[in-house]
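The chain contents come next:
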Amino acid sequence: MADLTGKTVLITAAAQGIGRASVDAFVRAGARVIATDINQAKLAELDGVDGVSTQLLDVLSDAAVNNAVAEIGRIDILFNCAGVVHSGTVLEMSEADLDFAFDLNVKAQVRTIKAVLPQMLERKDGAIINMATVASSIKGVPNRAAYSISKAAVVGLTKAIAADYTTSNIRVNAICPGTVDSPSLHERWAATGDVEAARKAFIARQPIGRIARPEEVADLAVYLGGATYTTGQIHIIDGGWTA
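Before going into details, it helps to say that this report is about the structure given with it. (Residues numbered from 1 in each chain as written. Predicted model: local features only at pLDDT ≥ 70, side-chain atom pairs only at ≥ 80, totals over all residues. Heavy atoms only, no water.)

Points about the overall build of the protein chain
Note the threshold: Helix and strand definitions here come from DSSP, where helices need a minimum of 4 consecutive H or I residues and strands a minimum of 2 consecutive E residues; each element is numbered from the N-terminal end. The globule rule used here is 2.2 Å times the number of residues to the 0.38 power, and the radius of gyration it is set against is calculated over C-alpha atoms. Three labels apply to residues, based on accessible area from a 1.4 Å probe with only protein chains included: buried if under 20% of the type maximum, exposed if over 50%, partly exposed otherwise in between. Any two residues having at least one pair of non-hydrogen atoms within 4.5 Å are treated as being in contact. In these tables, accessible area is a Shrake-Rupley quantity obtained with a 1.4 Å probe, and a residue counts as shielded only by the protein chains included in the view. The charge count treats Lys and Arg as positive and Asp and Glu as negative. His and the chain ends do not count. Positions of charges follow a simple convention, taking NZ of Lys, CZ of Arg, CG of Asp or CD of Glu.
Along its length, the protein chain carries eight helices and seven strands. The C-alpha radius of gyration computed for the protein chain amounts to 17 Å, which stays within 12% of the reference 18 Å derived for 243 residues, consistent with globular compactness. Projected onto the principal axes, the alpha-carbon positions of the protein chain cover approximately 50 × 40 × 35 Å. For the protein chain, with 243 residues in total, the buried portion stands at 49%. Once local pairs closer than 6 in sequence are excluded, the contacts in the protein chain between residues at least 24 apart make up 70%. Of the roughly 10900 Å² that the protein chain leaves accessible, carbon and sulfur atoms contribute 53%. Between the averaged position of the 22 positive side-chain charges in the protein chain and that of its 26 negative side-chain charges there is a distance of 5 Å.

Structure representation (structure tokens):
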């Protein structure tokens, strides 16, 4: 595992799922972690954890993001983990759903990047990790229109920023998971009306025979946080789904 001693990491949507697992993984790597979320109750569970500071943050607000970054100060690694999954085809997708998917899955990442990037450029050092998914420009997945459209934009965002700032030693990469065990996944299973059938269907499409653990994705995030010669890349972690 990378040694990130002395590094400060800002993680969005850090209170549960991949974000929460990433808090633990970055701390184990020696980093100081700023864990942010809008879920105050879940975020409070991180209070008092060594190496972790918590902060309420609504990534849909330019002012909130800019104020948070100004208050935190130095940020060496930014992990954009916040996102939303909508179900439905393009005919079932409402304009409101598409707008919200773009706001949280794409524009929120733009907000945090624009807030953090100037200080990274001043130091000529920094790592940005964006959460995408294989259900994007990588693979078509049924009933995920708004999600896939917006996450494909994250792939483009990642490559565009990497191309602009590689010469300034800013590394920008995206993580593209397949299906990951998380609270939001369990909510989607429940929404089908048959949790067990939904669970079996999701597992059945994984060649490796199971869904991913959040900790497995978190380990990849830590690697990318410390990687010094990797940028503009889309890192697939999907148990062979797209093999």
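Thoughts on the pairing of strand 2 (residues 32-37)
Residues in a regular strand project their side chains so that they alternate between the two faces of the sheet. The test is simple: DSSP-based pairing: two strands are paired if at least 2 bridges between them are found.
Buried residues dominate strand 2, accounting for five of its six residues. Across four bridges, the pairing between strand 1 (residues 8-11) and strand 2 is parallel. From the neighbouring strand, I11 faces strand 2, where its bridge partner is A35. Sheet topology places strand 2 next to strand 3 (residues 52-56); five bridges connect them, and they run parallel. Paired with D37 across the two strands is L56, which belongs to strand 3.

Quick notes on the side chain of N105
Tracing the sequence through the fold places N105 in helix 4 (residues 95-123). In this structure, N105 is in contact with G83, V84, F100, Y147, S150, K151 and V154, ignoring residues within four places of it in sequence.

Observations regarding helix 8 (residues 214-226)
The condition that has to hold: Expected helix span is given by 1.5 Å per residue-to-residue step, counting one fewer step than there are residues.
Between the first and last C-alpha of helix 8 there are 19 Å, a value that for 13 residues agrees with the 18 Å anticipated at 1.5 Å per step. All buried positions along helix 8 are accounted for by P214, V217, A218, L220, A221, V222, L224 and G225. Buried-residue contacts for helix 8 involve helix 1 (17-28), strand 4 (77-80), strand 5 (126-131), strand 6 (170-177) and strand 7 (234-237).

Describing the nonpolar core
Applicable threshold: For our purposes a nonpolar core is just a set of buried Ala, Val, Leu, Ile, Met, Phe, Trp, Tyr and Cys residues, chained together by side-chain atoms within 4.5 Å.
Ranked by size, the top nonpolar core spans 32 residues in total, and within it I11, V23, F26, F79 and I175 carry the most contacts. Apart from the residues within four sequence positions on either side, I175 is in contact with F79, I129, N130, M131, A132, T133, V217, L220, A221, L224, H235 and I237. L10, I75, V84 and I161 belong to the second largest nonpolar core, which has 25 residues in total.

Some words on the pairing of strand 1
Test applied: Crossovers are marked right-handed if the path from the first strand over the helix to the second runs clockwise, as seen with the strands pointing away from the viewer.
Side-chain alternation along strand 1 places T8 and L10 on one buried face and V9 and I11 on a second face that is also buried. With helix 1 bridging strand 1 and the parallel strand 2, this β-α-β connection has right-handed handedness. Here strand 1 pairs with strand 4 via three bridges, running parallel. The partner of I11 across the bridge, within strand 4, is F79.

Here's the deal with the packing of helix 3 (residues 62-72) against helix 4
Heads up, the rule is: Helix axes are fitted only over the stretch in contact, all axes being lines through C-alpha atoms; the angle between N-to-C directions runs from 0 to 180 degrees. Should an angle lie under 35 degrees it is considered roughly parallel, over 145 roughly antiparallel, and from 65 to 115 roughly perpendicular; all remaining angles are considered oblique. By the definition used in this description, the sense in which the near helix is turned from the far one sets the handedness, with an anticlockwise turn below a right angle giving left-handed and a clockwise turn giving right-handed. Residues are grouped as follows: Ala, Val, Leu, Ile, Met, Phe, Trp, Tyr, Cys and Pro are nonpolar; Asp, Glu, Lys and Arg are charged; every other residue, Gly included, is polar.
Two elements in contact, helix 3 and helix 4, have axes separated by 9 Å at closest approach and are oriented at 30°. Classed by the angle they form, the pair helix 3 and helix 4 counts as roughly parallel. The chirality of how helix 3 crosses helix 4 is right-handed. For the pair helix 3 and helix 4, the contacting residues are D62, V65, N66 and V69 in the first and R111, T112, A115, V116 and Q119 in the second. The residue inventory of the contact of helix 3 with helix 4, partitioned by class, reads four nonpolar, three polar and two charged.

Describing the environment of T192
Applicable threshold: For this analysis, a polar contact is any N or O atom pair within 3.5 Å, provided that within protein one partner can donate a hydrogen and the other can accept it, and provided that sequence-adjacent residues contribute only side-chain to side-chain pairs.
Relative to the helices and strands, T192 resides in the loop between helix 6 (183-191) and helix 7 (195-204). Judged by relative accessible area, which is 51%, T192 ranks as exposed. Polar contacts involving the side chain of T192 include one to the main-chain amide nitrogen of D194, which spans 3.3 Å.

Considering the environment of I77
Tracing the chain through its elements places I77 in strand 4. By relative accessible area, which is 1% here, I77 ends up buried. Residues I77 and I237 lie 160 residues apart in sequence; the distance between their C-alpha atoms is 20 Å. Look past the residues within four positions of I77 in its chain and what remains in contact with it is L4, K7, T8, V9, L10, F26, M120, A127, I129 and G225.

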